[in-house]
Structures are given as structure tokens and as C-alpha cells.
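This is what each chain is made of:
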Amino acid sequence: MTDSTASHRPAPAPAVPPPARRPAPPAKTRRTWPVVTATVVLLAALTTVAVGTLHAGDNESDPGGLLTGYALAWALFAAAAWTVRGLPTRPATVLVLLGAAAVLSAGLAAPPRTSNDMYRYAWDGRVQAAGISPYAHPPAAPELARLRDDWLFPTKGSCEAWGLTRTGGGLCVRINRPTVPTIYPPVAEGWYLAVHAVSPAGSRHKPLQAGGAVLAFGTTLALLAVLRRRGDPRRAPARAALWAWCPAVTFEAVNNAHIDTLGVLLTVLALGTATAGARRGALLGAAVAVKILPVLALPGALSGQRRPVRALRVTASAAAAVALAYLPYVLASGTDVLGYLPGYLHEEGYEPGHVRRFALLRLVLPDTAAGVTAVVLLALTALYVWRRGDPARPWRGALLLTGTALLVFSPGYPWYSLLVIALVALDGRWEWLTVTLAGTVLYLAGRLLPGFPLQAWAYGAAALTVTAGTCLRSTRHHGLRGVSGLHLTRRKR
């Protein structure tokens, strides 16, 4: 009976499996997207602020407004550079490149706003295209009258707009120092000619700005390549962002199209070569033939090189590159190839004892001793970099000497420190960016605070920041070494 009842009992229904759940994304992915979103928002805000700042005015009509825009741009840059540090290498690299394209393109939004050097570049390119050496005649010379147009030499209006000046002969011109020859070295002149050759007729300032954007973006690519090959691949994107997103690069390398950017690119390539040899020297020599400032990277390029033959190979190839670059112009212009460079150095106050330079040294030294002290200090720094520098990181010594030189000479032009920004990107010592900030504040706020010792205050603050950052890094380094030594001792026990 029991068996019969059990045989007619209905079979239990098959169990229905629960709906499949999608696997949860890895914790690393969940953390990445909010950081990516925050970085994109910061970069979009940075680009917008840069465009708005360039549309607001120039350094003569609205220096306060420019200074405010610059300050906001720097704050957004600092925040974006901080957030990208927490991202994996691949998304960080994509962000660096896309962000660089966006931020650099902001510099194309308006004509130059704080420097009229670019107009000399355009004129030198035009002169060379006509088969005339740029060192032969000043822009106001009658021999070049046939090359003038209404853009660089306006014939209508009062000649009172930004960037315009009138010569003693009554000529209205957009080029600064129109009565003296050019000061730029030959590789820079070759760039001006190349840009002129590919520029459409009537394009004015845009080709040089676009060329500056190409050079700045190329420097970003070079930084990424060098840091991946010779630095820390994990930190390469965050380091490259210190150059790629820096507001000073947008404003000075693109909007003002300063030729210093070409020298920066060549210097990065020189220091990024695997060994200290002829190639490094040739690239560095080409950088010096763009703007003299990269010569300060030479001791860094020789860091730790105790073999005289190798050091001689670098210096000889650098000198040969400079000589070869100058040769065509020497044949055309003879000793006039120096142009107005000696007069410029005198005009800018780089002679010993001049009261407009060596602001920090003059706080503790008489004017007559400041110049000599500066030379001795830089010579000792160069010797230290050469003898004690790290040959695996030649940019570290180059940053120390270049940054120290700018602190000592305390120039009022922020584009002089474009090289420092690239070296900071290679080495990661962000505190040296305050040197660029000091030059920017001095350049824009100088006319707002007449009589105030802004030069000493700005560069003094930068020097204190660099010193504090160096001390902090040294303390952390020794602390990490102490912890490593303690763990090693425990393992041995």
C-alpha cells in the first residue's frame, strides 16, 4: 500500500536556476572611472579658462585680469596633475595626449596677448624667403621697404594699439626693436623660414602659433617616450602632464609662439638619448643654436662622466653643431651674425653690478659683487652636476643648474623657464615650477605694484619653495632607506 501510493506521487518540478548575475567590475576599474571623469572635467575647465583669459585683454590694457585668469588656470592645472597620478598607465596616457591637444589648442584662440616677439619671427622668415640674411638689416631699413605690408607695418590709424611702436623716422611697426638687427641664432632662423614657406598668403600669426602647438605636443610625445624607456614607466604619464597641461606652455609656447619651445624639444631629445655621445652633443648644440639658454643643460648631459674622451665627444659635437648652423649665415653676413645680441644683453641688465638683475643676491650683497658671485655660484653648481650628477638621469643635473640660474638672474620673462618645465616633467620635482610662476607674476604684476620689490619677493618665494621641497624629498628618502634597512635586518635575524 505504501509502495503503490509512493509510485503515483507526482515527480518534483525541476529546480529553476537563479538568473545569472553579471560579474562585478574589478575594484580597480570602479576606482578608475571617477578619477577619469574628474580629470576630464578639470581639463575642460582649464581649456575654457585659458580661452577666456586670452579673450579678456592684453598685459597692458588689463594686467590684473590676465593675472587672475592665469592664477585660476594654474590652480586647475595643479588639480588635474594631481588626479591623474592615481590612474593606470594606459588611461592616463590617453588623457595626457587628449588633454594636451585641448589645452594647447586654447592658445590658438587669440593673437599674442603678452609678447610681440612673434612678429619678429614672421618678419625674419619673410626676409630670408626673399634671399636676404636676417642679420644684414633692421626691419626699419630702407633696403627692406619692398617687403613691408599692412600687417607688420600698419599705415592706417594712430599707431597706438597694443604691440605697435613708431620709429624715429615716423614708421609704424608691430615688431619690437625695429631699428636693430635680429638677435636669434641660426636654427631659430631656419624655423622661421620653414614656417613662412608653408604658410598660406595672408595667414599672419596663425602659422607660427600652430607651429608652437606642434612643437609643444611633440615635446609631450618625447617626454612620454623618454620616461617610458629611461625613467619610471608607471609615472610617465603623470610626469609628462606637468608639461602637457601647464598653462605657461599654452600661453607662451602657443599663443605667444616663443621659439624657446624648439630648443626645449631638442634638449629633451638630447638628454633622453641612451648614452652621452656625439648624438647627445649634436642635439644639444642644435638647441643652443635656437636659444642660448639650453647651454645650461650641458653639465647635466655630462653628469658623472669621468672619462675625458666621452665628455669631449659631447662638447665637441655640440660645438660642431652650433658652428655648422652658423656657417651659411656667416658666409652671408660675416661677423654681423651676432646681430643685436650683445646690445640686448646690455639692455636687459645682465652686466655685473646692474641693479635690475641678481635680485636675491642683492638682498645680502652690494651691487658690484652680485654679478661676480652669481658667476661663481653657477660655476660651482655646474662642476657639482658634472662630477656628482646621475648619468642615468642627466635631466636632474640640468634642472638644478637651469633652475638655479633663473633664480640667480631672476628674469622678468616667463617664457625663459619653458625649459625648466620640461626638465621638471622629466625629473618630477614639481617645486621648480614656482620659478615659472615667479617670472609670470613679475611680468604681469610689475606695472600693478610700482615701487614694490616684486622681483625679490617673487623669486624669493620660489627659492624658499624649492628649498622646502628639496628638504622634504631628502627627509622622505632617508626615511624610506631607514625602513628598508630595518626590514632587511629583521630578515637576517
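For clarity, every value in this text was computed on a predicted model and none was experimentally measured. (Residues numbered from 1 in each chain as written. Predicted model: local features only at pLDDT ≥ 70, side-chain atom pairs only at ≥ 80, totals over all residues. Heavy atoms only, no water.)

**Topic: the nonpolar core**
Within the largest apolar cluster, 117 residues are counted, with the highest numbers of intra-cluster contacts made by Phe77, Trp243, Trp245 and Val249. Among residues more than four places away in sequence, those in contact with Trp243 are Ala216, Thr219, Thr220, Leu223, Val249, Thr261, Val264, Leu418, Ile421, Ala422 and Ala425. (Core = buried A, V, L, I, M, F, W, Y, C linked by side-chain atoms within 4.5 Å. Buried < 20%, exposed > 50% of the residue type's maximum accessible area, 1.4 Å probe, protein only. Contact = heavy atoms within 4.5 Å.)

**Examining the packing of helix α5 (residues 117-129) against helix α6 (residues 186-198)**
Axis separation between α5 and α6 bottoms out at 8 Å; the angle between their running directions is 80°. Put simply, α5 runs roughly perpendicular to α6. Contacts from Tyr121, Asp124, Gly125, Arg126, Gln128 and Ala129 in α5 reach Glu189, Tyr192, Leu193 and His196 in α6. (Axes fitted to C-alpha atoms, helices over the stretch in contact; angles between N-to-C directions. Helix = DSSP H or I, 4+ residues; strand = E, 2+ residues; numbered from the N terminus. Parallel < 35°, antiparallel > 145°, perpendicular 65-115°, else oblique.)

**Considerations on the confidence of the model for the protein chain**
Looking at the protein chain as a whole, the pLDDT averages 89, with 88% of positions reaching at least 70. Across residues 1-7, confidence stays below pLDDT 50; counting only partners more than four residues off in sequence or on other chains, it has 0 contacts. Note that residues 483-490 has pLDDT below 50 and, in this model, 0 contacts with residues that lie over four places away or in other chains. (pLDDT = per-residue confidence, 0-100.)

**A word on a nonpolar patch on the surface**
On the surface, a cluster of nonpolar side chains totalling about 430 Å² of accessible area is made up of Leu448, Leu449, Phe452 and Trp457. Relative to the elements of secondary structure, Leu449 occurs in the loop between α18 (433-445) and α19 (454-492). (Patch = residues over 30% accessible without salt bridge, like charges linked within 9 Å, V, L, I, M, F, W, Y side chains within 5 Å. Areas by Shrake-Rupley, 256 points an atom, 1.4 Å probe, with all protein chains shown as cover. Salt bridge = Lys/Arg side-chain N within 4 Å of Asp/Glu carboxyl O.)

**Quick look at the state of the cysteines**
Per the counting criterion, the structure on display carries 1 disulfide. Disulfide pairing is shown between Cys159 and Cys172; the S-S distance is 2.1 Å. Taking the sign of the S-S torsion, 95° for the link of Cys159 and Cys172, the bridge is right-handed. Highlighted residues: Cys159 in the loop between α5 and β1 (165-166) and Cys172 in strand β2 (residues 172-173), separated in sequence by 13 residues. Accessibility assignment for this pair places Cys159 and Cys172 in one class, buried. (Disulfide = S-S within 2.5 Å.)

**So, helix α9 (residues 247-255)**
With 9 of 9 residues buried, α9 is to be regarded as a mostly interior element. Here α9 has its buried residues at Pro247, Ala248, Val249, Thr250, Phe251, Glu252, Ala253, Val254 and Asn255. After α9 finishes, the residue Ala257 shows a positive phi value of roughly 55°.

**Some points on the packing of aromatic side chains**
In this structure the tally under the stated criterion is 15 aromatic pairs. The interplanar angle of 70° and the centroid separation of 5.7 Å between the aromatic rings of Tyr119 and Trp151 together place this pair among those described as edge-to-face. Placement of the pair is Tyr119 in helix α5 and Trp151 in the loop between α5 and β1, with a sequence separation of 32 residues. For Tyr119, a relative accessible area of 4% corresponds to the buried category. Between Trp415 and Tyr443 the ring centres are 5.4 Å apart and the planes differ by 80°, which places this aromatic pair in the edge-to-face class. (Phe/Tyr/Trp six-rings, centres within 6.5 Å; stacked < 30°, edge-to-face > 60°.)

**Details of empty space enclosed by the protein**
Under the counting rule described, the total for this entry stands at 1 cavity of 30 Å³ or more. Computed from the structure, the largest cavity encloses a volume of approximately 50 Å³. In terms of lining, the largest cavity is formed by Asp260, Gly263, Val264, Lys291, Leu293, Pro294, Tyr416 and Leu419. Considered class by class, the residues forming the lining of the largest cavity number 5 nonpolar, 1 polar and 2 charged. (1 Å grid on protein atoms, 1.4 Å probe; cavity = no way out; pocket = protein on both sides within 12 Å on 5 of 7 lines; lining within 4 Å. Points joined across faces, edges and corners; volume = space filled by probe spheres on them. Nonpolar A, V, L, I, M, F, W, Y, C, P; charged D, E, K, R; others polar.)

**Details of the environment of Asp427**
Following the sequence through the fold, Asp427 ends up in helix α17 (residues 418-427). The residues contacting Asp427, other than those within four sequence positions of it, are Arg239, Trp395, Arg396 and Leu399. Within polar-contact distance, the side chain of Asp427 engages the side chain of Arg429 at 2.7 Å. (Polar contact = N/O pair within 3.5 Å; in protein donor to acceptor, adjacent residues only side chain to side chain.)

**Describing the environment of Ala136**
For Ala136, the position within the fold is in the loop between α5 and β1. Relative accessible area serves as the criterion here: at 37%, Ala136 is assigned to the partly exposed category.

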